[in-house]
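# Survey of secondary and tertiary structure
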Amino acid sequence: MTTPKTTAEPTAEITPETTADRFRTAIDNRDLAALDDLFTEDIRLYSPVKFTPFEGKPMVLGLFGVLLRTFQDFRYIGDHTGTAQTSTDGTSAQSAVLLFRTRVGDKEIHGIDLLHFADDGRIKEFTVMVRPQSAVHALGEAVLTGLIEAGLTPAPTPSGQ
C-alpha cells in the first residue's frame, strides 16, 4: 500500500538539534524574543552563582536579558550532543553542551551551557558552568546588579537592619 502524497508544505520538525541551533542563533543575534519559543513554561536554569535554580519562563527570559547586557564578546566555540540525567527529576533526556568564551569586565570566562530537552524539543533545563573562580565572582556581582536593575530580585538589605 502506498501513502498518498499531499500538497501541504512540510512543517519544520522541532528537535533538540534544531532547538540548540536556534538557541545559538538567538544568542549570537542578541535576540531575546527568539528565545521565548525555545523554553518550556517550567524551565529551570541552574546558575554557577546561585544555589537554587531560576524557575519559570518569565524569570529565565529576564535573566537572559541581563546576561545579554552583561557579557562582552560572547561567542560559542563548540558543541556536543547526547543524553544526560536531569537535575529536576533524574530522568535521562536528550542534551547538548555548548562551549563558550566571554568577558565580564576584565575577567575572561570559559564555560559551558548544558541544555536538557523536553519531549517536544524545547529546553526544559539549562545548567551553566564557568571557570575560573575569579570569573564566577565577577559574573555573580554583575548578574546580581543586573537583576536588581531589571526588578527581578530585591536589593540586599544592609547588615544589621
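Residues numbered from 1 in each chain as written. Predicted model: local features only at pLDDT ≥ 70, side-chain atom pairs only at ≥ 80, totals over all residues. Heavy atoms only, no water.

### Focus: the overall build of the protein
In terms of helices and strands, the protein carries four helices and six strands. Along its sequence from the N terminus, the protein presents helices and strands in the succession α-α-β-β-α-β-β-β-β-α. With respect to the three principal axes, the spread of C-alpha positions in the protein is 80 × 30 × 30 Å. Across the 161 residues that make up the protein, the buried fraction comes to 40%. At a minimum sequence separation of 6, the contacts of the protein that also span at least 24 residues come to 51%. Surface summary for the protein: the accessible area is close to 9600 Å², and the carbon and sulfur share equals 52%. Computing the positive centroid from 15 side-chain charges and the negative centroid from 22, the protein places the two 4 Å apart. (Helix = DSSP H or I, 4+ residues; strand = E, 2+ residues; numbered from the N terminus. Buried < 20%, exposed > 50% of the residue type's maximum accessible area, 1.4 Å probe, protein only. Contact = heavy atoms within 4.5 Å. Areas by Shrake-Rupley, 256 points an atom, 1.4 Å probe, with all protein chains shown as cover. Lys, Arg positive; Asp, Glu negative; His and termini not counted. Charge placed at Lys NZ, Arg CZ, Asp CG, Glu CD.)

### As for the packing of aromatic side chains
Under the definition given, this model contains 10 aromatic pairs. Judged by centre distance (5.8 Å) and plane angle (80°), the ring pair of Phe23 and Phe64 falls under edge-to-face. Of this pair, Phe23 sits in helix α1 (residues 16-28) while Phe64 is found in helix α3 (residues 57-70), placing the two residues 41 residues apart along the sequence. Joined through ring pairs, the aromatic side chains of Phe23, Phe39, Phe64, Phe71, Phe74, Tyr76, Phe100 and Phe126 make up one cluster. (Phe/Tyr/Trp six-rings, centres within 6.5 Å; stacked < 30°, edge-to-face > 60°.)

### Details of the environment of Asp113
Mapped onto the elements, Asp113 comes out in strand β5 (residues 107-117). Spatially, the C-alpha atom of Asp113 lies 14 Å from that of Leu68, the residues being 45 residues apart in sequence. For Asp113, the contacting residues outside a window of four places in its chain are Phe23, Phe74, Tyr76, Ala96, Val97, Leu98, Phe100, Phe126, Thr127 and Val128. Among the polar contacts made by the side chain of Asp113, one reaches the side chain of Tyr76 at a distance of 2.6 Å. (Polar contact = N/O pair within 3.5 Å; in protein donor to acceptor, adjacent residues only side chain to side chain.)

### Side note on the pattern of salt bridges
Applying the stated criterion across every chain yields a total of seven salt bridges. Here Asp79 and Arg24 are joined by a salt bridge, their closest N and O atoms 3.0 Å apart. Here Arg24 lies in helix α1 and Asp79 lies in strand β3 (residues 72-85), a separation of 55 residues in the sequence. Asp79 gets classed as partly exposed once you look at its relative accessible area, which sits at 43%. Note that Arg75 is salt-bridged to Glu108, the shortest N-O span being 3.7 Å. Of this pair, Arg75 sits in strand β3 while Glu108 sits in strand β5, placing them 33 residues apart in sequence. A relative accessible area of 31% means that Arg75 is categorised as partly exposed. On the basis of relative accessible area, Glu108 is assigned to the partly exposed category, the value being 35%. (Salt bridge = Lys/Arg side-chain N within 4 Å of Asp/Glu carboxyl O.)

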